Amino acid sequence: MRTESRLFAGVAAFFATTATGYGWFSAEPAGTVALALACLMASLVSFFLRVQYLKRGSRAQDRGDAEVADAVGPLGFFAPHSPWPITVALGAVVLANGIVFGLWLVLMGFGLLAFAVCGLVFQYADRGAQRSGPAAGASPGSAASAPAESSGSTRSP
């Protein structure tokens, strides 16, 4: 992800230069703000990709001598189905309509959007603990937590 991080850093530098020049030569604040926000968004993506690179290391795509077979394997965990993306979209729509129709709808939309974003972020927060911990509802001395040993097992010891 090092290459992608550098690419978005270049995009952010372009928008920063453009925003500075546009703000200097035109006295129009809306375009300057839009270009500055584009710079911030590209910077955010670049920062995220850089952190992922530092956390996970280089991938096969980051090496010049890599083969196609080096990139084989699971890419990560992708949610099979989730109600939260559509709930986030509904909250955003209610919030946007609230800007037009009144504060009461803005508050409802903001509440729905906050609830949906929390649901989306934390829906698989305990996924790692479930895989590494003991079986659900099993006490330390129960048969469910002991390894299954049967004479018909096909696993090698």
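Look a little higher up for the structure.
Residue numbering note: each chain is counted from 1, following its sequence as written. In keeping with the predicted nature of the model, local features appear solely for residues at pLDDT of at least 70, side-chain atom pairs appear and are counted solely at 80 or more, and the whole-chain, interface and lining totals rest on all residues. Side-chain descriptors were evaluated using all non-hydrogen atoms of the structure, hydrogens and water having been removed beforehand.

Asks: Would you mind showing me how to read the overall build of the protein chain here?
Replies: Helix and strand assignments come from DSSP, with helices taken as H or I runs of at least 4 residues and strands as E runs of at least 2, each series counted from the N terminus. Across its full length, the protein chain holds five helices and zero strands. Categorising residues by exposure relies on relative accessible area from a 1.4 Å probe, with only protein chains included: less than 20% of the type maximum marks a residue as buried, more than 50% marks it as exposed, and the intermediate range marks it as partly exposed. Across the 157 residues that make up the protein chain, the buried fraction comes to 17%. It only takes one pair of heavy atoms within 4.5 Å for two residues to be counted as in contact. Intrachain contacts of the protein chain at a sequence separation of at least 6 include 54% that bridge at least 24 residues. For the accessible areas, the method is Shrake-Rupley and the probe is 1.4 Å, while residue cover comes only from the protein chains on display. Surface summary for the protein chain: the accessible area is close to 11,900 Å², and the carbon and sulfur share equals 70%.

Asks: Is there a simple way to explain helix H2 (residues 29–56) in this structure?
Replies: Along an α-helix, residues three or four positions apart point the same way, because every turn accommodates 3.6 residues. By this rule, a helix spans an expected 1.5 Å times one less than how many residues it contains. In a regular helix each residue adds 1.5 Å, so 28 residues correspond to 40 Å; H2 covers 40 Å between its end C-alpha atoms and thus fits that length. Among the residues of H2, Gly-31, Leu-35, Ala-38, Cys-39, Ala-42, Ser-46, Leu-49, Gln-52 and Tyr-53 are the ones counted as buried. In the core, the buried residues of H2 are packed alongside helix H1 (2–25). Whenever two N or O atoms come within 3.5 Å, that pair is a polar contact, provided that in protein one can donate a hydrogen and the other can accept it, and provided that, for residues adjacent in sequence, both atoms are side-chain atoms. At the N-terminal boundary of H2, the capping side chain belongs to Glu-28, with an oxygen 3.2 Å from the backbone nitrogen of Ala-30. A positive phi of about 85° marks Gly-57, the residue just after H2.

Asks: Help me out: how do you make sense of the environment of Thr-20 in this one?
Replies: Structurally, Thr-20 can be placed in helix H1. For the pair Thr-20 and Thr-32, spaced twelve residues apart in sequence, the C-alpha separation works out to 7.6 Å.

Asks: Help me understand the packing of H1 against H2 in this model?
Replies: Relative orientation and spacing of two packed helices are given, respectively, by the angle between their axes and the distance between those axes. Between N-to-C directions, angles cover 0 to 180 degrees, with each direction set by a line fitted to C-alpha atoms, over the stretch in contact for helices. The interhelical angle for the contact between H1 and H2, taken along N-to-C directions, is 160°, at an axis separation of 8 Å. As summarised for this structure, H1 and H2 are arranged roughly antiparallel, according to the angle between their axes. Once H1 is placed against H2, the crossing between them reads as left-handed. Side-chain classes are defined by residue name, with Ala, Val, Leu, Ile, Met, Phe, Trp, Tyr, Cys and Pro counting as nonpolar, Asp, Glu, Lys and Arg as charged, and the others, Gly among them, as polar. Residues belonging to the contact of H1 with H2 are distributed by class as follows: 16 nonpolar, seven polar and three charged. Roughly parallel means an angle under 35 degrees; roughly antiparallel means over 145; roughly perpendicular covers 65 to 115; every other angle is labelled oblique. Put simply, a crossing is left-handed when the front helix is turned counterclockwise from the back one by less than a right angle, and right-handed when it is turned clockwise.

Asks: It is not clear to me how a nonpolar patch on the surface should be interpreted in this structure. Could you clarify?
Replies: Like-charged residues within 9 Å of one another, or nonpolar side chains (Val, Leu, Ile, Met, Phe, Trp, Tyr) within 5 Å, are grouped into patches, provided each residue has over 30% relative accessible area and no salt bridge. The term salt bridge refers to a pairing of a side-chain nitrogen on Lys or Arg with a carboxyl oxygen on Asp or Glu at a separation within 4 Å. A cluster of nonpolar side chains, namely Leu-7, Phe-8, Val-11 and Val-45, defines an oily patch on the protein surface of about 290 Å² accessible area. A total of three residues in the nonpolar patch trace back to one element, the largest contributor, which is H1. Looking at where Phe-8 falls in the secondary structure, it is placed in helix H1.

Asks: Explain the environment of Tyr-53 here, please?
Replies: Position of Tyr-53 among the secondary structure elements: in helix H2. If we ignore the near neighbours within four places in the chain, the residues touching Tyr-53 are Met-1, Arg-2, Ser-58 and Asp-62. Within the structure, Tyr-53 has its side chain in polar contact with the side chain of Arg-2 (distance 3.1 Å).

So, to be careful, I would describe these as geometric facts and stop short of saying anything about function.
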